[in-house]
Amino acid sequence: MVVPPGWCRERPTDEFLPRFATVEQPVELPCIRCGICCSVYQVRISRAEAERIAKYLGIDYWNWVGRYHEPRWPDPASHLIKHDARGCVFLRRDQTDARFSLCGIYDARPDSCRNWNAGILKPACQEGLRRYWQVDVTCDGRMTGSCESLARLELFMRHD
Ligand code: SF4
Ligand code: SF4
């Protein structure tokens, strides 16, 4: 495999790497759709958001509560979306490629999910890079790994 410039540990100073390099120049990590954030964080939403999701799913609000509200959540003024063994109950694994996940209610997803961005220093995103791309991130935001892993990730990011 041809290794694009800048992505091999042994050649760290080429044109591409600075985009992914240090916290002084914040790295713009695109979402790699690993779904780790949806599996580790449990989302709290307002009643209005629950109603919006219920409408999107074509069910009524109380039906939504029965199916998707975390019953142990103590605040009657809000909802916590239930988790199952994989994380958020709306998280779907891409059937054709296990590296990717999808939100089953993407068009009606909660505001906190809309406002959440990927980041090179976020532990969830780092876990996704590690688990699905075999790429690690150093504490100053550098990606490290084999040349092949880094090249594979770069090709994905360039074409996604
Ligand atoms: S609602 Fe969608 S985006 Fe939000 S945590 Fe669940 S699966 Fe992820
Ligand atoms: S953990 Fe980060 S990269 Fe993975 S889906 Fe969430 S925002 Fe995207």
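A brief structural summary. For clarity, every value in this text was computed on a predicted model and none was experimentally measured.

### Comments concerning the nonpolar core
Ile81, Cys88, Leu129 and Val135 are the most contacted members of the largest nonpolar core, which totals 21 residues. Mapped onto this core, the elements with two or more residues apiece are helix H1 (36-40), helix H5 (123-133) and helix H6 (147-159). Built from parts of two domains, this core gets at least three residues from each of domain 1 (17-32 + 118-159) and domain 2 (36-115). Not counting residues up to four positions away in its chain, the partners in contact with Cys88 are Cys38, Ser39, Val43, Ile81 and His83.

### Brief notes about the site of ligand 2
Around ligand 2, the neighbouring residues are Cys31, Ile32, Arg33, Cys34, Gly35, Ile36, Cys37, Ala118, Lys122, Ala124, Cys125 and Gly128. A total of 3 residues in the shell around ligand 2 trace back to one element, the largest contributor, which is H5. Here the shell around ligand 2 is built from residues that sort into 8 nonpolar, 2 polar and 2 charged.

Rules of the game
- Residues numbered from 1 in each chain as written.
- Chains lettered and ligands numbered in written order.
- Predicted model: local features only at pLDDT ≥ 70, side-chain atom pairs only at ≥ 80, totals over all residues.
- Core = buried A, V, L, I, M, F, W, Y, C linked by C-beta atoms within 7 Å.
- Buried ≥ 20, exposed ≤ 12 C-beta atoms within 10 Å, placed from the backbone.
- Helix = DSSP H or I, 4+ residues; strand = E, 2+ residues; numbered from the N terminus.
- Domains from an automatic or database assignment.
- Contact = placed C-beta atoms within 7 Å.
- Near = placed C-beta within 6 Å.
- Nonpolar A, V, L, I, M, F, W, Y, C, P; charged D, E, K, R; others polar.

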